[in-house]
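Here are the chains, one letter per residue:
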Amino acid sequence: MSETEVETKPEPAGSHSHVPGSFQQILKLTRAQFQEYLSSRRFVILLGIVAMIGLIITVVIGAFHDRAFLQALVSSPLAFYGSFWGGAASFVIVLSAVFFGGDAIAGEFQNKTGYFLMGLPIRRTTIYVGKYIAALLASICVLIVFFLIILANGVYYFGGDALPWQFGPSLLLSIIYLVAVLSTTFLFSSLFKTSAYGFVLTAVLFIIGFSLLQDVVQSILDYQPWMVISYASSAIGGVFGTATDPCTGAVINTINWGLNGIYGIPGGPAARAGCPATGGPREALLSGPTWTPGIAEAVVIMVGYFVITSIVGLLSFEREEFA
Amino acid sequence: MTGPSIECVQLTKNFGTFTALSRLDLKLEGAKCVGFLGPNGAGKTTALKMLTDMIFPSSGECFINGINVREERKKALAEAGVLIESPEIYPSLTPRQALEMVCDLRGVPPEHRRDRIEEVLSEVKMQDWVDKRFGKFSKGMKQRINIAAALVHDPGVVILDEPATGLDPRGMAEVRDIVRGLKRRNRLIFMSSHILQEVTDVCDEVALIDKGKLLFYDTLSNVTSKFADGAPTIDVGLSRPLGDEKVLKQVEGLTGVTSCVLLEPKRLRLKFKGGPTAQEQLLASLVELKIGVITLSEPESALEEIYLKQISKGD
Ligand SMILES: Nc1ncnc2c1ncn2[C@@H]1O[C@H](COP(=O)(O)OP(=O)(O)OP(=O)(O)O)[C@@H](O)[C@H]1O
Ligand SMILES: [Mg+2]
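Keep in mind the model is a prediction, meaning the values are calculated, not measured.

A.B. asks: Quick rundown of the overall build of chain B? Include the residues and the values.
C.D. replies: Looking only at helices and strands, chain B has eleven helices and 14 strands in total. Projected onto its principal axes, the C-alpha positions of chain B cover 70 × 50 × 40 Å. Among the 315 residues that make up chain B, the fraction classed as buried is 53%. Across chain B, the fraction of contacts at a sequence separation of at least 24, relative to all contacts at a separation of at least 6, is 68%.

The following block contains the structure:
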């Protein structure tokens, strides 16, 4: 029907409506879904958990910052932010990705809310992407809250001027990590039609599964675990370069920006060989992974996860039947 | 401009080795209401879901206003209003927000939204609940909003899967009013239902399926006359009990009447042959008999009779 057509009674059906393009629909759906997330109980619970983690960190630092085991961590802003933000951000990211992504698609089936959307002139892809962006925004809100808690602690101990520039790349890395983890949880949630399966699987995977895999690959197979997403997450803290000089014990800012991971941490045990036998009080602040990813390498791993899981997730959702 | 249409071509759905719908050919065209009947598990919802691209045909295809649903879901569903499986709406939303989201995604221009939302909400009698959250709604209240959501953009084709599910008697009557209103506005309504009275009341045509197969698709009046032993049937309500055998014989003697049964003292069932003209004459002579005729109606159970007969044939 053309728009110039004279309107007679009864009016032609839906004569005023013009279905927006898919991009427009994604924005509209994202907005609605984001509001839904923000007003959900789940969001409140997650904020509560994150606030608690922040509180515990705050109390522990407050109470024990002059004890030996914490002294080094609070010795400089770099070490402080590197260990507390860098160490916990990835956990907060995984937590919110599981909360918002674990049943994002499965829940649409289980709660039958998907049937409401599926009656609309909207592509499956639009639903998937709209929900994804909404979950991403909601997770970023959570991450910001956590960031502010850590920042408040840091400012308290070091003052406002002592904000290292490394926060820039670190925040960026944390967002990229979130993007990747969330698209992975979305993929898994699109494989199930029951919320609980999506939740449990993604939670087990990210809290135990990947780190187990990482350990197996690097410790048992003695291979660089570049195929494991949690391996890449250490770049969020790694970008602060929180390694100590193996000879003097001073914190040195040795960031590996490269595409290749390093065995041990930069300037870590591998470099100790050159130190006088009497030197080297502590060889590393973090007795972490035996492999440390280069920053560029971590980005490639994260983007790789994002691209692959998004494509597989979208394709599988395109074929999903609301039976 | 052609009228609204729905078409299924050799539409088939297998779940594993089980065939839920088998080669359904159905073409509905023009402004009318078509009832979709069949026992539980017949394949009605399966067919309607394929029609709206919620599930995919194993073979065959379907069209809304000539647009292939599978190939152009967005374009096809833009022309339709859909209510299938009594969906849930996000519990934190209010009816207003939900309908606004629908308008938003469907591209109903902002200047019309308010009016349309108010219109459909009053049609389903939910004006007083516009700003309450869904979380607290009863099943029937949710279903009312679902109906409103299917109609808010004023679609040309309306696909409803058991719209009266969960509604109270008044709600069911309101659904009928809504359907009548849609018909007046030249919409095509395809509606599955188990309430034969509802179908008799508002549908112009019926399609009956059983075990995934279409048994018939025809106009309601054809169906009732074709299957009721081939003879049209009429129930005659009387204001006073019919006197004696003689009067009954008189009625039986009227032109065209093939049988006459006294169902109750004040209720007669006539079968007759001939078309509408014969019927008109018959009704006139009935009145002339002055036996106290106050109502003339198609028997309420006609559709039920046919339904049961057809379904049991398959067993
Ligand atoms: N996802 C599915 N997997 C397997 N079988 C299914 C699935 N969905 C439906 N069926 C089967 O297909 C058949 C038709 O189901 P359908 O829901 O279309 O029936 P219906 O006519 O809508 O029944 P009702 O009147 O009870 O709503 C049933 O036998 C059902 O068991
Ligand atoms: Mg059904």
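A.B. asks: How would you summarise the site of ligand 1 if you had to cite specific residues and measurements?
C.D. replies: Neighbouring ligand 1 are 14 residues; Gly41, Lys44, Thr45, Thr46 and His194 of chain B lie closest to it. Those residues lying near ligand 1 are distributed over chains A and B. A distance of 2.7 Å is found between an oxygen atom of ligand 1 and a side-chain nitrogen or oxygen belonging to histidine 194 of chain B. In the complex, 63% of the free accessible area of ligand 1, which totals 640 Å², lies under the protein chains.

A.B. asks: Can you break down the environment of valine 223 of chain B residue by residue, with the values?
C.D. replies: Tracing the sequence through the fold places valine 223 of chain B in helix α8 (residues 220-227). For the pair valine 223 of chain B and glutamate 205 of chain B, spaced 18 residues apart in the sequence, the C-alpha separation amounts to 8.5 Å.

A.B. asks: Describe in detail the packing of helix α7 (residues 124-158) of chain A against helix α13 (residues 295-318) of chain A, supporting the description with residues and values.
C.D. replies: Residue and element names in this part refer to chain A. It is the contact of α7 with α13, at a shortest axis distance of 9 Å, that shows an interaxial angle of 135°. Between α7 and α13, the angle falls in the class oblique. Crossing handedness for the pair α7 and α13: right-handed. Two secondary-structure elements touch here, α7 through Arg124, Thr125, Ile127, Tyr128, Val129 and Tyr132 and α13 through Phe306, Thr309, Gly313, Leu314, Phe317 and Glu318. For the contact of α7 with α13, a count of residues per class yields seven nonpolar, three polar and two charged.

A.B. asks: Any details on the domain arrangement of chain B? Residues and values, ideally.
C.D. replies: All names here are of chain B. When the domains of chain B are assigned, the result is domain 1 (1-79 + 155-222), domain 2 (89-153) and domain 3 (228-313). The C-alpha centroid of domain 2 is placed 23 Å from the C-alpha centroid of domain 1. For the pair domain 1 and domain 2, the summed buried surface comes to about 1,200 Å²; carbon and sulfur atoms form 59% of the total. In terms of surface lost to domain 2, no three residues of domain 1 exceed Pro155, Glu174 and Ile178, which account for 42% of the buried area on that side. Taken together, domain 1 and domain 2 are joined by two salt bridges. One salt bridge connects arginine 144 with glutamate 174, and the closest N-O pair in it is separated by 2.8 Å. Summed over the shared surface of domain 1 and domain 2, the number is four residue pairs in polar contact (both at pLDDT 80 or more). In terms of residue count, helix α6 (residues 169-184) provides more of the side of domain 1 that touches domain 2 than any other element does, five residues in total. Among the residues forming the side of domain 1 that touches domain 2, the class breakdown is nine nonpolar, three polar and four charged.

A.B. asks: Please provide a residue-by-residue account of the packing of helix α1 (residues 22-38) of chain A against α7 of chain A, values included.
C.D. replies: Residues and elements named next belong to chain A. Contact geometry for α1 and α7: axes closest at 8 Å, N-to-C directions at 45°. Here α1 is positioned oblique relative to α7, judged by the angle of their axes. Crossing angle aside, the handedness with which α1 passes α7 is right-handed. Each of Ser22, Gln25, Ile26, Leu29, Thr30, Gln33, Phe34 and Tyr37 in α1 lies in contact with α7, whose residues at this interface are Thr126, Ile127, Val129, Gly130, Lys131, Ile133, Ala134, Ala135, Leu137, Ala138 and Cys141. Considered class by class, the residues forming the contact of α1 with α7 number twelve nonpolar, six polar and one charged.

A.B. asks: Break down the interface of chain B and chain A for me, with residues and values.
C.D. replies: Listed per partner, the contact involves 44 residues of chain B and 43 residues of chain A. Taken together, both faces of the contact between chain B and chain A bury some 3,600 Å²; the carbon and sulfur share is 59%. Taken as a group, Lys74, Tyr90 and Leu105 of chain B account for 23% of the area that chain B buries against chain A, more than any other trio of residues on that side. Applying the counting criterion to the chain B and chain A interface returns five salt bridges. Linking lysine 28 of chain A and aspartate 104 of chain B is a salt bridge whose minimum nitrogen-to-oxygen distance equals 3.2 Å. On the surface where chain B and chain A come into contact, there are 22 residue pairs in polar contact (both at pLDDT 80 or more). Within the residue set of the side of chain B that touches chain A, elements represented by two or more residues are β1 (5-15), α2 (73-78), α3 (95-106) and α5 (139-151) of chain B. The element contributing the most residues to the side of chain B that touches chain A is α3 of chain B, with five residues. Residues of the side of chain B that touches chain A, tallied by class, amount to 21 nonpolar, nine polar and 14 charged.

A.B. asks: Which residues make up the environment of valine 312 of chain A, and what are the values?
C.D. replies: Considering the arrangement of structural elements, one finds valine 312 of chain A in helix α13. Along the backbone, valine 312 of chain A and threonine 184 of chain A are 128 residues apart, and their C-alpha atoms lie at a distance of 9.6 Å.

A.B. asks: How would you explain the sheet that holds strand β13 (residues 267-272) of chain B if you had to name every residue and give the values?
C.D. replies: Residues and elements named next belong to chain B. Strand order in the open sheet formed by four strands is β12-β13-β11-β14, with antiparallel pairing between adjacent strands. On the outer flanks of this sheet lie β12 (257-264) and β14 (293-297), each paired with one strand and no other. Each strand of the sheet is rotated relative to its neighbour by a mean of 25°, with strand direction disregarded. Note: strand β11 (residues 233-238) against β13, five bridges, orientation antiparallel.

A.B. asks: Go over a nonpolar patch on the surface with me, naming the residues and quoting the values.
C.D. replies: All names here are of chain A. Taken together, the side chains of Phe91, Val200, Val204, Ile207, Ile208 and Leu212 present a nonpolar region at the surface, about 550 Å² in accessible area. In terms of residue count, helix α9 (residues 195-220) provides more of the nonpolar patch than any other element does, five residues in total. Locating isoleucine 208 in the fold gives a position in helix α9. Take isoleucine 208: its relative accessible area is 46%, and that puts it in the partly exposed class.

A.B. asks: Requested: an account of α7 of chain A, with residues and values cited.
C.D. replies: Along an α-helix, residues three or four positions apart point the same way, because every turn accommodates 3.6 residues. The end-to-end C-alpha separation of α7 of chain A is 50 Å, in line with the 51 Å expected for 35 residues at 1.5 Å each. Immediately downstream of α7 of chain A, the backbone of glycine 159 of chain A shows phi near 85°, a positive value.

A.B. asks: Can you break down the packing of aromatic side chains residue by residue, with the values?
C.D. replies: Counted by the stated rule, this structure contains 26 aromatic pairs over all chains. An aromatic cluster is defined as three or more aromatic residues linked by ring pairs; in this entry it consists of Phe80, Tyr81, Phe84, Trp85, Phe146, Phe147, Tyr156, Tyr157, Phe158, Phe167 and Phe240 of chain A. For the cation-ring pair, lysine 112 of chain A lies above tyrosine 115 of chain A, with the distance from its terminal atom to the ring centre recorded as 5.9 Å. Across the ring face of phenylalanine 56 of chain B, the terminal group of arginine 70 of chain B is positioned such that the distance to the ring centre comes to 3.6 Å.

A.B. asks: Could you give an account of α1 of chain A, with specific residues and numbers?
C.D. replies: Compared with the 24 Å implied by 1.5 Å per residue over 17 residues, the 24 Å span of α1 of chain A between its first and last C-alpha is a close match. Residues of α1 of chain A that are buried: Ser22, Gln25, Ile26, Lys28, Leu29, Thr30, Ala32, Gln33, Phe34, Glu36 and Tyr37 of chain A.

A.B. asks: Please set out the nonpolar core residue by residue, giving values where relevant.
C.D. replies: Ranked by internal contacts, the top residues of the largest apolar core, which has 161 residues, are Phe84, Trp85 and Phe146 of chain A together with Leu121 and Phe190 of chain B. Here the element with the most residues in this core is helix α4 (residues 77-101) of chain A; it accounts for 15 residues. The residues touching leucine 121 of chain B, leaving out its near neighbours within four places in the chain, are Pro95, Leu99, Met126, Gln127, Val130, Ile145 and Ala148 of chain B. Of all hydrophobic cores here, the second largest spans 16 residues; its members include Val247, Leu254, Leu268 and Ile291 of chain B.

Rules used throughout
- Residues numbered from 1 in each chain as written.
- Chains lettered and ligands numbered in written order.
- Predicted model: local features only at pLDDT ≥ 70, side-chain atom pairs only at ≥ 80, totals over all residues.
- Heavy atoms only, no water.
- Helix = DSSP H or I, 4+ residues; strand = E, 2+ residues; numbered from the N terminus.
- Buried < 20%, exposed > 50% of the residue type's maximum accessible area, 1.4 Å probe, protein only.
- Contact = heavy atoms within 4.5 Å.
- Near = heavy atom within 4 Å.
- Polar contact = N/O pair within 3.5 Å; in protein donor to acceptor, adjacent residues only side chain to side chain.
- Areas by Shrake-Rupley, 256 points an atom, 1.4 Å probe, with all protein chains shown as cover.
- Axes fitted to C-alpha atoms, helices over the stretch in contact; angles between N-to-C directions.
- Parallel < 35°, antiparallel > 145°, perpendicular 65-115°, else oblique.
- Left-handed = near helix turned anticlockwise from the far one by under 90°.
- Nonpolar A, V, L, I, M, F, W, Y, C, P; charged D, E, K, R; others polar.
- Domains from an automatic or database assignment.
- Buried area = accessible area lost by both parts, 1.4 Å probe.
- Salt bridge = Lys/Arg side-chain N within 4 Å of Asp/Glu carboxyl O.
- Pairing = 2+ DSSP bridges.
- Patch = residues over 30% accessible without salt bridge, like charges linked within 9 Å, V, L, I, M, F, W, Y side chains within 5 Å.
- Expected span 1.5 Å × (residues − 1).
- Phe/Tyr/Trp six-rings, centres within 6.5 Å; stacked < 30°, edge-to-face > 60°.
- Lys NZ or Arg CZ within 6 Å of the ring centre and 35° of its normal.
- Core = buried A, V, L, I, M, F, W, Y, C linked by side-chain atoms within 4.5 Å.

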